[in-house]
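Each chain, letter by letter, is given below.
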Protein chains: 2
Amino acid sequence: MSNPQFSFRDTTFHGPSLLRERRETVRRVTVKTQLEQLRNTGRYECFMLKWHPIYDEEPAWPVPKSLFWDSDIAKWIEGACYFLVQNPDHEVDAAVKELVEDIRSAQQDDGYLNVYFSVVEPKARWSNIRDQHELYNAGHLIEAAIAHKECYGNNLLIEPIEKYVQLLNKIFGPGPEQRHAYPGHPEIELALLRLYKATSSVSAYNLAKYFLEERGNPTGQDGLLYYDWEEQQRGDNRWQRPNPYPEVGSHWYNQAHAPILKQDSVEGHSVRAMYLLTGAADLLYLHTKGVKSLPDAESWSNALNRLWSNMVDKKMSVTGGIGAIKQWEGFGIDYFLPQGTDEGGCYNETCASIGVMMLAERLLELDLDSKYADIMELCLYNGVMTAMDLGGKAFTYVNQLASSEKDKSERCDWFECACCPPNLMRLFGSLGGYLWDYGGEDEAFVNVHLFTTASLTFSCGEQNVRLKQTSNWPWDGKVSFDFSAPSTETTIRLRIPGWAEGDYKLEPQSEDSKIEKGYLVLPPSYTSKNPSFVFEVGGFAPRLIAPHPYTNQNTLTVARGPLIYCVEDFDNEWVADHFKNTVLSSDAKLTEQEHDLEGSHSYVAIHGTGWERNLEAWHGGAQGHDPSRAAKGDAVSLGDERKLVFVPYYLRANRGGRGQMRVGLLRK
Amino acid sequence: MSNPQFSFRDTTFHGPSLLRERRETVRRVTVKTQLEQLRNTGRYECFMLKWHPIYDEEPAWPVPKSLFWDSDIAKWIEGACYFLVQNPDHEVDAAVKELVEDIRSAQQDDGYLNVYFSVVEPKARWSNIRDQHELYNAGHLIEAAIAHKECYGNNLLIEPIEKYVQLLNKIFGPGPEQRHAYPGHPEIELALLRLYKATSSVSAYNLAKYFLEERGNPTGQDGLLYYDWEEQQRGDNRWQRPNPYPEVGSHWYNQAHAPILKQDSVEGHSVRAMYLLTGAADLLYLHTKGVKSLPDAESWSNALNRLWSNMVDKKMSVTGGIGAIKQWEGFGIDYFLPQGTDEGGCYNETCASIGVMMLAERLLELDLDSKYADIMELCLYNGVMTAMDLGGKAFTYVNQLASSEKDKSERCDWFECACCPPNLMRLFGSLGGYLWDYGGEDEAFVNVHLFTTASLTFSCGEQNVRLKQTSNWPWDGKVSFDFSAPSTETTIRLRIPGWAEGDYKLEPQSEDSKIEKGYLVLPPSYTSKNPSFVFEVGGFAPRLIAPHPYTNQNTLTVARGPLIYCVEDFDNEWVADHFKNTVLSSDAKLTEQEHDLEGSHSYVAIHGTGWERNLEAWHGGAQGHDPSRAAKGDAVSLGDERKLVFVPYYLRANRGGRGQMRVGLLRK
């Protein structure tokens, strides 16, 4: 039960690495920058339950602008606690304490705890569970409370939260007087299961299980789908629907179109889908470990596999981004993965890639298969890391693969819907926990998913097991390990990334090792004899990758190790069309060159040569481009040669420029 | 003022041709089959204003299932009259007369004439002009009345319709007590302008002009956009919206997001857009001919050119189909032209291609440029002709370029929303009018847009001018002309299709001819000396065409002359994936072979060789198709060779089979 949010404390980033640099930037800068944003926007004081002018502003019905404020505060507390526990900070500590006091004082006598429905619409509690995020906010408060208790060791936050959970347990459930509801925005499921792991609260487990099992029941409440029932209760016209619902009855928007076990494909809002499936994986995990029995465990396992595969194989960008469609911030049809707005959409919300990491980590605990870790790493170094600037003060919400004049490649200080920035805080705060799984009672194991420079210490029985990895990842594939477990039989498993294509070396060599589902397994016979060993994987030469042919993207993308690369106008000043007509050959000669980032790390840039596509050859002469005169043209007709400089996608929009960027270039 | 609906009577299809065969099938079969459908569905009796069970059925709010019934009847009458005027038919004649009597008796004292709002919701007249099609129905009644008068020479239908138009003129207009509205579904604009041409009714002209000029006025009614104002009047919540409106305020759905003169691109429901612009072109035409002055004529001309170009260059399929998106039956973003449902949409409604033909014909009258005629012919022989089976009894509504398991290539007997079948009737009825423009007072002219076998007779001054063309079009490019105009100076202009790429011959040759905007101009000096001449255009060798590169469609389509070809499982039995992985080389050797259709015409099939795409080469080995392991692969890796038989797109779904079809094959 080593969710990263619990286990990260066992890990320290003991030496320089890209991950440490990013995490330290968050700790030193981002935590305080975001605190400042909370203060400047009125969020910081929201639990004092005073009126704020934003409450008078017209909502994007039915979601008032302040509806997520509870979660913004909760996520900041959670993230702050992940840092405080390892690095005290007076200012941050004082803010956490003040916020916790406010939250405590905001709780109503019956346990209810929500800003908007205490201040603005006190009579509308639970009237629109589909859209109004009460349970989402509650989930984030639960996660904040767990982190707070782990950090401070007191019950100041978890006490009111447990009282709130008791109230939820009364209101929601299968009983005749209870609401047979489930959150419109899943989150609380995984939060409740974490609460169960932290406190053994069976009622938290039961409520999470209920939410997961009841979801999408077509006749759950008085013979109706719950959301249809509550719509009737509100007296809403069924043709009245929030903007993300394109048509009447778009229950797929929040994964309520069918019970989870009957869902064939991953649909709708991508963050909701990831949080939901993370909760489902946790539920299954508790069964697998014999903690809480789940009768239809196999069906849950099948559903998770089915939905994961649908997502990864057919609905994921090459950066690990998910959710092509802006309107519902979510998935399009299979293989619908354009690169940008002007091609049909490439939303790829930051929180969604963070959600993929959470889900992948849970699935690794269920089934140690490097395919999950590969995706986790892909998201971390690309879809997620691109979402914060080098300085730690600016963020993205949308992470498309190609800019356009309407949607340039750029970052913002903050968002009205501010879910992404504090989510980055939480992720980097708990990042150590994503590196490895470990445990054991008589015999120990460490499954190393991600490589960097970091040290792990945990106890197995009465022994301390220590494992230290040192590397220059993601720039170089050589990872040195130092291991100590005085008299514990220890198995260490090392992930061989898929992109290494089986190219790895171990020194000293091992005769007993084997490969299981993408992990090199070093048995006790090896680890007991080799307190130091070096693992080196290939795949660090620049390579070209292509999206699935069914995407209709005839493109090539430069990658190197775990990093996806892009071109930006900063390095390629000639560009005027967002690289829409820049062509790359599959036999392009790509060379590496180390570049420095002022005041930050250095990185490996990739240099090559391409061409401009000659569209005139297509338009030209008597052959206009109207369909009645459509030309045969060449698939790609080459024009001027261009020198191309590629930089890691996570670096985009950091060095000035005109916001022109593209990941996949036309294939010659 | 020779709209096809007026002028078609001057043309006879005097010998065998594909067009005549199709038109005769409509005359002999379709007119009666559709009459039968009208009777079977309750439509036939609707103007008797009795209750029908469909009125009790739940509407797809706010559109009851019977809301278009008036227009179904009107379009059938209009189409029937186009045939009756040349070929009497007792059964059809009796039905028209009965329907006209019913319509007359259904009119209310004040002139109001609408079935639904007389029978079901009499108090809701004009309460939802945005969605409830009252003005659309009125427009079709006007067109029916004009056709009826032309055919029967009496006023039985036009009399009540003119009374209805008087009522409309009272209700709608700029006056303080009038509604500053315009139809949610444009149609009445072009109908009113036809009424003006037929009857010189200035009030009809004024009302059409008002509708066209007022449309999209953001502050037209009490400072609001009319549709927002009427929504408030109804007390509708603004978040309540019909299914085709994806988000609140999607006024682009019916081209009301801005005044027409300020619209930058063609948006929304494609049929509405085409009818609207056809009306706008008529308005401008009347100015150009000095009939009715339009102060901002240049702006109207610019808007028409701008929107036409946007549509043709960026939003039109290779078949002339428009409107990729199913939800709003309309346009997607620029260059968003997938081939089928499983790639993101390819709706291409039949009525929309008919609308393109109407608009193209109007634009040709404004500006004789073969680019309009090329598109008109493209639509006729492909997007439109594909919409009816060989027998004339089954139709399509959607005309995608590629089938999929969820959306097979098939036809239906009828549709609940039955706009398309009677629209085909109207079009084929008036088809002769699309072939050519002609006229003149002292000197005559004939501009020949379409080639077939047909004869034209019209008078110029006191002379009769006759032009006869005989050809085997669309199979062969040789067209023989016979001309007689005893003592009239006549200029004949012959369109050189864009796909002929300048390859044409004239026999006897002419030294005085020149080419103007894609038309070969034969001056009186030539026509007076050559009562017979032969025009022959090239482009009848099979050719390969490609959609614009920005569509991300790396495909090749077989075309020959004006015909677009497809592959079907009927001729290519091995297919199991709707030709999704069938590959064609740009240097494919294509041969012609004449095939017979039992009981119908023969056609030129095209035979060639292609390959199956080898997807295994992409998936294969350690390289899964998840993005973390994405392969480089080849752009298109070839597998088994396949013999391919291509047939004209209009023929699809006629000969049995499994409904698998595709127009654009992968380019090698």
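Topic: the overall build of chain A
Piece 1. Within chain A, the regular secondary structure consists of 18 helices and 20 strands.
Piece 2. The C-alpha radius of gyration computed for chain A amounts to 25 Å, which stays within 12% of the reference 26 Å derived for 668 residues, consistent with globular compactness.
Piece 3. Evaluated residue by residue, chain A yields a buried proportion of 65% over its 668 residues.
Piece 4. Partitioning the contacts of chain A with sequence separation of at least 6, the portion at a separation of at least 24 is 70%.
Piece 5. Surface summary for chain A: the accessible area is close to 22800 Å², and the carbon and sulfur share equals 45%.
Piece 6. Where the 67 positive side-chain charges of chain A centre and where its 91 negative ones centre are 1 Å apart.

Examining the sheet that holds strand S7 (residues 490-495) of chain A
Residue and element names in this part refer to chain A.
Piece 1. Judged by pairing direction, the sheet is mixed, and its five strands sit side by side in the order S2-S3-S7-S10-S9 without closing on themselves. The outermost strands of the open sheet, each flanked by one partner alone, are strand S2 (436-440) and strand S9 (514-516). Sheet twist, expressed as the average angle between the axes of neighbouring strands with direction ignored, equals 20°.
Piece 2. As defined by bridge partners, S2 adjoins strand S3 (residues 444-448) across five bridges and the pair is classed as antiparallel. In the strand pairing of S3, Asp-437 is matched with Asn-447.
Piece 3. The sheet strands contacting helix H14 (residues 370-384) are S7 and strand S10 (519-522), and the helix crosses S7 at an angle near 55°.

Focus: helix H6 (residues 134-152) of chain B
Piece 1. Taking 1.5 Å of rise per residue, 19 residues should cover 27 Å, and H6 of chain B covers 26 Å from first to last C-alpha, within 8% of that figure.
Piece 2. The buried fraction of H6 of chain B is high, at 16 of 19 residues.

Some points on a negative patch on the surface
Piece 1. Side chains of Glu-441, Asp-442, Glu-443 and Glu-489 of chain A sit close together on the surface and give a patch of like negative charge.
Piece 2. By the secondary structure assignment, Glu-489 of chain A is in the loop between strand S6 (478-484) and S7.

Here's the deal with the packing of aromatic side chains
Piece 1. On inspection of all chains with the given rule, the structure shows 62 aromatic pairs over all chains.
Piece 2. Each ring, one from Tyr-116 of chain A and one from Phe-117 of chain A, has its centre 5.0 Å from the other, and the planes form 85°; the classification is edge-to-face.
Piece 3. In this structure Tyr-116 of chain A comes out as buried when scored by relative accessible area, which is 7%.
Piece 4. Judged by centre distance (5.4 Å) and plane angle (85°), the rings of Trp-499 of chain B and Phe-540 of chain B are edge-to-face. Of this pair, Trp-499 of chain B sits in the loop between strand S7 (490-495) and strand S8 (504-507) while Phe-540 of chain B sits in the loop between strand S11 (532-537) and strand S12 (543-545), and the two are 41 residues apart along the sequence.
Piece 5. Residue Trp-499 of chain B is classed as buried on the basis of its relative accessible area, which comes to 7%.

Digging into the side chain of Ser-455 of chain A
All names here are of chain A.
Piece 1. You can see Ser-455 is positioned in strand S4 (residues 454-460).
Piece 2. Taking the relative accessible area as the measure of exposure, Ser-455 reaches 15% and is therefore buried.
Piece 3. A distance of 2.7 Å separates polar atoms of two side chains, one belonging to Ser-455 and the other to His-14.
Piece 4. Leaving out residues up to four positions away in the same chain, Ser-455 has contacts with Asp-10, Thr-11, Thr-12, His-14, Trp-436, Leu-467 and Lys-468.

Thresholds, definitions, all that
- Residues numbered from 1 in each chain as written.
- Chains lettered and ligands numbered in written order.
- Predicted model: local features only at pLDDT ≥ 70, side-chain atom pairs only at ≥ 80, totals over all residues.
- Heavy atoms only, no water.
- Helix = DSSP H or I, 4+ residues; strand = E, 2+ residues; numbered from the N terminus.
- Rg over C-alpha atoms; globule rule 2.2 N^0.38 Å.
- Buried < 20%, exposed > 50% of the residue type's maximum accessible area, 1.4 Å probe, protein only.
- Contact = heavy atoms within 4.5 Å.
- Areas by Shrake-Rupley, 256 points an atom, 1.4 Å probe, with all protein chains shown as cover.
- Lys, Arg positive; Asp, Glu negative; His and termini not counted.
- Charge placed at Lys NZ, Arg CZ, Asp CG, Glu CD.
- Pairing = 2+ DSSP bridges.
- Axes fitted to C-alpha atoms, helices over the stretch in contact; angles between N-to-C directions.
- Expected span 1.5 Å × (residues − 1).
- Patch = residues over 30% accessible without salt bridge, like charges linked within 9 Å, V, L, I, M, F, W, Y side chains within 5 Å.
- Salt bridge = Lys/Arg side-chain N within 4 Å of Asp/Glu carboxyl O.
- Phe/Tyr/Trp six-rings, centres within 6.5 Å; stacked < 30°, edge-to-face > 60°.
- Polar contact = N/O pair within 3.5 Å; in protein donor to acceptor, adjacent residues only side chain to side chain.

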